[in-house]
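# Structure assessment
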Amino acid sequence: IELEIDGKAVAIPRNTRSLKLVNINSAASGIFFWGYKKSRADELQIWKRPQLNDGLIEVMATRGGGDLAMAKTHLSHAHRLAQSNDIRLKVVRPPTYLQIDGEGWYIEKPCVVHIKLH
């Protein structure tokens, strides 16, 4: 997967198991993946506190179950990559899986998934 935010390539951290694109304050039974704490040195540094009506999607990376547990208990947060209303996911080496609002998708050919809030 290649990630493009506002027309610019964004590096996906090594060991990423999933990308989370969230436009609500919680997901996965109430987890606030963005978190409340300061960003780590290797994350997005300038950001706004997520709001339901801000017109932005929070883009984050997680490494698996440990990251979920840390976010659920507020000990840490997902790796913050961006806040944007224009995101492109380029599937360059299929197959891969995608989940949108709980619905699973199997992607078997190269494609671009363009997410844009209006």
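Everything numeric in this text was worked out from a predicted model, so none of it was measured.

## Some details on the overall build of the protein
Looking only at helices and strands, the protein has one helix and nine strands in total. Along the protein, from the amino end to the carboxyl end, the secondary structure elements read β-β-β-β-α-β-β-β-β-β. By its C-alpha atoms, the protein is 40 × 30 × 25 Å across when sized along the principal axes. Within the protein, contacts between residues at least 6 apart in sequence are counted, and of these 71% link residues at least 24 apart. Accessible surface computed for the protein: about 7,900 Å², of which carbon and sulfur atoms make up 52%. In the protein, the 17 positive side-chain charges and the 12 negative ones have mean positions that sit 6 Å from each other.

## A closer look at the pairing of strand β5 (residues 79–84)
With six of its six residues buried, β5 lies for the most part within the structure. Bridge count between strand β4 (residues 57–62) and β5: five bridges; the pairing is antiparallel. Each residue of the ladder has a partner; that of M60, found in β5, is R80.

## With respect to the pattern of salt bridges
Pairing of side chains with opposite charge becomes possible as their charged atoms draw close. All chains considered together, the criterion is met by five salt bridges. Between R88 and E4 there is a salt bridge, with the nearest N and O atoms lying 3.7 Å from each other. Highlighted residues: R88 in strand β6 (residues 86–91) and E4 in strand β1 (residues 2–5), separated in sequence by 84 residues. Residue R88 is classed as partly exposed on the basis of its relative accessible area, which comes to 30%. Under the relative-accessibility criterion, E4 is labelled buried at 18%. Residues participating in the shared-partner salt-bridge network are E4, R88 and K90.

What counts, and where the lines are drawn
- Residues numbered from 1 in each chain as written.
- Predicted model: local features only at pLDDT ≥ 70, side-chain atom pairs only at ≥ 80, totals over all residues.
- Heavy atoms only, no water.
- Helix = DSSP H or I, 4+ residues; strand = E, 2+ residues; numbered from the N terminus.
- Contact = heavy atoms within 4.5 Å.
- Areas by Shrake-Rupley, 256 points an atom, 1.4 Å probe, with all protein chains shown as cover.
- Lys, Arg positive; Asp, Glu negative; His and termini not counted.
- Charge placed at Lys NZ, Arg CZ, Asp CG, Glu CD.
- Buried < 20%, exposed > 50% of the residue type's maximum accessible area, 1.4 Å probe, protein only.
- Pairing = 2+ DSSP bridges.
- Salt bridge = Lys/Arg side-chain N within 4 Å of Asp/Glu carboxyl O.

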